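Listed below, chain by chain, are the residues.
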Amino acid sequence: MSARSLSFASLLLAAVAPAFAGEPPNAQVVTAAEPAAAAPTLAGRWSHTIKGGELFVELKLVNTGPEAIDVLVSRGKMPGTDLQAAIDGVALTRVFSDEEMSGQMSRMGPMPRFAPVAAKREILAGTYRFQLPQGYAGQAIRLEATANSLGDSVSISTEVHAPLGV
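Our subject in this report is the structure included herewith. (Residues numbered from 1 in each chain as written. Predicted model: local features only at pLDDT ≥ 70, side-chain atom pairs only at ≥ 80, totals over all residues. Heavy atoms only, no water.)

## Some details on the overall build of the chain
Note the cut-off: Comment: elements are numbered from the N terminus, with helices defined as DSSP H or I runs of at least four residues and strands as E runs of at least two. To sort residues, take the accessible area from a 1.4 Å probe on protein chains only and compare it with the maximum for the residue type: under 20% means buried, over 50% means exposed, and anything in between is partly exposed. Contacts are residue-level and defined by heavy atoms, with any inter-residue pair within 4.5 Å sufficient.
Tallying secondary structure elements over the chain gives two helices and eleven strands in all. Counting helices and strands in the order they occur from the N terminus, the chain gives α-β-β-β-β-β-β-β-α-β-β-β-β. Evaluated residue by residue, the chain yields a buried proportion of 29% over its 166 residues. If you take every contact in the chain between residues at least 6 apart in sequence, the share linking residues at least 24 apart comes to 69%.

And the structure:
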């Protein structure tokens, strides 16, 4: 009987040989994928009025999900939710208050502020003002909002109609 000596190289070659031969490895490493975070479940509750050729829109964000979420409620003195208004694809000009404009001029810039919204509750996103063009009576006005939570954004839209008698 002869003793067989094994070198480190021969042991290494024996260990990797099945992988090169197309055989399945002895042990498989299985990593569990982390579940993707659900997008925030926000809806909008809209109200609007028209006064003196301007459209005033109040938007409330409603958390329709089962858990509380943090929502961007302000950027300085301006609402945190971005709102655009358009008639027939033409964007309406947003009118900013003096307070909103002064908040944009600070040295540090507008500071974002988040607030929690409990499940099945709502929070005021902001009141917005838009200049209406001539001949807007009876027109459909498309409103599109982009609300931000921590790391996610949600688009919310609706359509309102300008009354005929204005």
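## Some details on the sheet that holds strand 2 (residues 54-63)
Test applied: By definition, two strands form a pair when at least two bridges between them are found by DSSP.
Ordered by their spatial adjacency, four strands build an open sheet running 1-2-9-7, and the pairing between neighbours is antiparallel. Every other strand in the sheet has two partners, leaving strand 1 (42-51) and strand 7 (93-94) as the edge strands with one partner each. The pairing of strand 7 with strand 9 (residues 122-131) spans two bridges and is classified as antiparallel. Opposite arginine 94, over in strand 9, you have phenylalanine 130 as the bridge partner.

## Here's the deal with the environment of glutamate 159
Mapped onto the secondary structure, glutamate 159 falls in strand 11 (residues 152-161). Between the alpha carbons of glutamate 159 and arginine 142 there is a distance of 4.5 Å; along the sequence they are 17 residues apart. Once residues within four sequence positions are removed from consideration, glutamate 159 is found in contact with Ala140, Ile141 and Arg142.

## Regarding unusual backbone geometry
For aspartate 88, which is not a glycine, the phi torsion comes out positive at approximately 50°. For aspartate 88, the position within the fold is in the loop between strand 5 (82-87) and strand 6 (90-91). For aspartate 88, a relative accessible area of 67% puts it in the exposed group. For lysine 120, which is not glycine, the phi dihedral falls at a positive 65°. By the secondary structure assignment, lysine 120 is in the loop between strand 8 (112-117) and strand 9. For lysine 120, a relative accessible area of 59% gives the class exposed.

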